[in-house]
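Residue strings, one per chain:
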Amino acid sequence: MLAYRYRLYPTTLQAEALGQWCGCARAIYNAGLEQRQTAYKLCGVSLGSNDQGANQLTEAKRALPWLAQPHSDVLQQALRDLDCAYRNFFAGRGGFPRFKRKGRRDSFRVQARASAPICVRRLSRHWGEIIIPKFGAVRFRWSRKPVGEIRHITVVRNALGWHVCLCCNEPERATAVNDAAPVGVDRGVAATAALSTGMLHCTPTLSPGQVERQRRLARKAGRQETARRHRPNDQRRRSRRHQRTLGALAKLRALEARIRKNFLHKLTTDIAKNHGVVVIEDLRVKNMTRSAKGTIESPGRNVAQKRGLNRAVLRQGWGEMEQMLAYKLDRRGGTLIKINPAYTSQRCGQCGAINKASRQTQAHFKCVACGHTAHADINAARNILAAGLAVTARGAFGEVSRGNEPRTTRRELANAA
């Protein structure tokens, strides 16, 4: 499956109608979640989307005529999304499903059917048009041509506006094996990606003025939230000023996320095109960014410093980079290898000696055994590449999926050339 994302530019009336469709999907999702929780508490019965299917939706439309405004797929897909949330919870991939709130990733999905196809056409060099069943044509910014048959679309609203995601069938094509030179990638905070070829790549961020404005808005929103919580219960609704502050803060955060994603797409595409084998560390980002605050009985140490480090790590998008490399290498006939990250930053790429004192600073590496000097991140990337090639030569690098690869031991790292 291929996904394409475009920026929608609806008119004022169309934007209002799209918001109503999102509200209907959110109402059905929340009603379905409440019904499932009530059925399980009172009767011990687990309901699914089939139990809450067409009959109950028809009754809901009769009782609430405004639910009949959107396409029928919008309501059905909301129940299927609830099913997916439960499956992710029981599989350990997410938390327990929560009720949706207005303004937090409002979205709806519509499937393409033979009776109601989803059509996309190009109007000019920079503009296109998509025809949504039962809604009509909406203009969007044309950035590239979608390939394959459209299966379904998802319309999303975030702080930066409306977007549409097209999910298409990927056409079958023969993929030749990529014989380009291998590369090792070390992910860090100062440099987002250091390649064994000697290249350093850093994630661009907001301008200094935007960063300062983001800090001021965050502090202002915190003060307003504290004041709201100290009011009586009947006066705890957010004021318009508070909502404007949160909206401006959300726009800056969404802009920062879009800048990061654009950078990661360009970086991973360049790596996948020019290298056949990519070796990275098998990092457990979720464990690395776990809070250090502890409990009341055993409070944590250096909590503020750890919080700052966690934010810096998450700002780099390590997990997103790994996902992009996985599917882009697979499409181009490449291979992604993940190795144990132990001692990759302490091992000398020249003589193989492992010593913590060799890494003198964040960026400077000088081996205490042979005197070899190099950039610390590039030295780590070369060690990662050497360990990955050693595993490849042993024929044991296995699958690319989520950490199922055999983890190399300390002895193998020390013996890797």
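From a predicted model like this one, the values you see are computed outputs, not experimental measurements.

S.K.: Just give me the short version of the environment of Arg 141, but keep the residues and values in it.
M.R.: Looking at the secondary structure, you find Arg 141 in strand S5 (residues 136-141). On the accessibility criterion, Arg 141 (35% relative accessible area) is partly exposed. Linking Arg 141 and Arg 5, residues 136 residues apart in sequence, is a C-alpha distance of 9.8 Å. Filtering out sequence-adjacent residues up to four positions away, Arg 141 remains in contact with Tyr 6, Arg 7, Tyr 9, His 126 and Trp 127.

S.K.: How would you explain the layout of surface pockets if you had to name every residue and give the values?
M.R.: The space that makes up the largest pocket amounts to roughly 2000 Å³. In terms of lining, the largest pocket is formed by 40 residues, of which the most central are Arg 101, Lys 102, Gly 103, Arg 104 and Arg 105. Contributing elements (two or more residues each) for the lining of the largest pocket: helix H3 (72-90), strand S2 (106-111), strand S6 (150-158), helix H4 (208-229) and helix H5 (240-274). The residue makeup of the lining of the largest pocket, split by class, is 15 nonpolar, 10 polar and 15 charged. Every residue lining the second largest pocket is counted, 34 residues in all, and those nearest its centre are Ala 3, Arg 5, Arg 144, Lys 261 and His 265.

S.K.: Run through the pattern of salt bridges, naming residues and quoting values.
M.R.: Summed over all chains, the structure comprises 16 salt bridges. Residue Glu 212 pairs with Arg 219 through a salt bridge whose shortest N-O separation is 4.0 Å. The salt bridge partner of Arg 229 is Glu 225, with a shortest N-O separation of 3.3 Å. Of this pair, Arg 229 and Glu 225 both sit in helix H4, 4 residues apart, which is roughly one turn of that helix. Relative accessible area serves as the criterion here: at 14%, Glu 225 is assigned to the buried category.

Parameters at a glance
Residues numbered from 1 in each chain as written. Predicted model: local features only at pLDDT ≥ 70, side-chain atom pairs only at ≥ 80, totals over all residues. Heavy atoms only, no water. Helix = DSSP H or I, 4+ residues; strand = E, 2+ residues; numbered from the N terminus. Buried < 20%, exposed > 50% of the residue type's maximum accessible area, 1.4 Å probe, protein only. Contact = heavy atoms within 4.5 Å. 1 Å grid on protein atoms, 1.4 Å probe; cavity = no way out; pocket = protein on both sides within 12 Å on 5 of 7 lines; lining within 4 Å. Points joined across faces, edges and corners; volume = space filled by probe spheres on them. Nonpolar A, V, L, I, M, F, W, Y, C, P; charged D, E, K, R; others polar. Salt bridge = Lys/Arg side-chain N within 4 Å of Asp/Glu carboxyl O.

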